[in-house]
Amino acid sequence: RVASLHGDIVGLEMALPVALAPERPYLVTAQPAHAEWLSQRVQAADLQPCCVLALAVERFTPSVNIFTRLGQTPDGLPRASICDRDGEVVAEAGVSWMSSRYAEVFVQVAEPTRGRGLGKAVVSAVSARVLELGRAPIYVSAVDNAASVALALRLGYCDTGARELNGSFVARRP
């Protein structure tokens, strides 16, 4: 389940106790200004400050890796992966959500294979596919994840200046 704090705080204040089951985990995206408000209303919160980057198409520098496999999820969202010799996925990128205008790109790279350009290759493939679909790719990264932010910048993503908190929380008992 996903809760969003990018809206009406008064409405959310009334909805939280009714909509959320106590002691159940939820994912959340919130504005940094709502961090204190949220921490007062949930049992435990693991929130990371994140930056939002948008792809500047004119700066997009695609990266090609012949081992990149482009596909899609059962619901049609783009995915790209690179596997090792044993067939295990070591790098994967995809779209977390897609609207009529935007698509949020994510990436995961196995620890022992980081720093080899695999993340750049799969993010590049997914970003190109998102552009083909007529959407604007966005990339959200923890502010302190320098490698992730650098990967996005190398591909032509630009920091929009927007910040958000992403993470999870457990609803309090009433």
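Computed from a prediction, not measured in an experiment: that's the story for all the values here. (Residues numbered from 1 in each chain as written. Predicted model: local features only at pLDDT ≥ 70, side-chain atom pairs only at ≥ 80, totals over all residues. Heavy atoms only, no water.)

Draft legend 1. Spotlight on the overall build of the chain. Check the secondary structure of the chain and you find 4 helices and 9 strands. Across the chain, helices and strands are ordered from the amino to the carboxyl terminus as β-α-β-α-β-β-β-β-β-α-β-α-β. Counting only C-alpha atoms, the chain reaches 55 × 35 × 30 Å along its principal axes. For the chain, the residues scored as buried account for 38% of the 174 residues in total. Of the contacts formed within the chain by residues at least 6 apart in sequence, a portion of 69% connects residues at least 24 apart. In the form shown here, the chain has an accessible surface area of approximately 9900 Å², with 54% of it arising from carbon and sulfur atoms. (Helix = DSSP H or I, 4+ residues; strand = E, 2+ residues; numbered from the N terminus. Buried < 20%, exposed > 50% of the residue type's maximum accessible area, 1.4 Å probe, protein only. Contact = heavy atoms within 4.5 Å. Areas by Shrake-Rupley, 256 points an atom, 1.4 Å probe, with all protein chains shown as cover.)

Draft legend 2. Broad picture of the pattern of salt bridges. Under the definition given, this model contains 4 salt bridges. Ionic pairing is found between Arg129 and Glu132, a salt bridge with its closest N-O pair at 3.1 Å. On the criterion of helical spacing, the pair formed by Arg129 and Glu132 is a turn pair, its members being 3 residues apart in helix 3 (residues 118-132). Exposure remark for Arg129: the relative accessible area of 29% places this residue in the partly exposed category. (Salt bridge = Lys/Arg side-chain N within 4 Å of Asp/Glu carboxyl O.)

Draft legend 3. Geometry of the packing of aromatic side chains. Taken as a whole and judged by the stated rule, the model has 2 aromatic pairs. Aromatic pair Tyr26 and Phe169: ring centres 5.7 Å apart, planes at 25 degrees, arrangement stacked. With Tyr26 in strand 2 (residues 25-30) and Phe169 in strand 9 (residues 157-171), this pair connects stretches of sequence that are 143 residues apart. (Phe/Tyr/Trp six-rings, centres within 6.5 Å; stacked < 30°, edge-to-face > 60°.)

Draft legend 4. Expanded view of the side chain of Glu104. Examined against the element boundaries, Glu104 turns out to sit in strand 7 (residues 102-109). In this structure, Glu104 is buried with no salt-bridge partner, the nearest side chain bearing the opposite charge being Arg79 at 11 Å. Of the polar contacts made by the side chain of Glu104, one reaches the side chain of Trp97; its length is 2.6 Å. Other than its neighbours up to four places away in sequence, Glu104 contacts Gly94, Val95, Ser96, Trp97, Ile138 and Val140. (Lys, Arg positive; Asp, Glu negative; His and termini not counted. Polar contact = N/O pair within 3.5 Å; in protein donor to acceptor, adjacent residues only side chain to side chain.)

Structural measurements only, silent on function.
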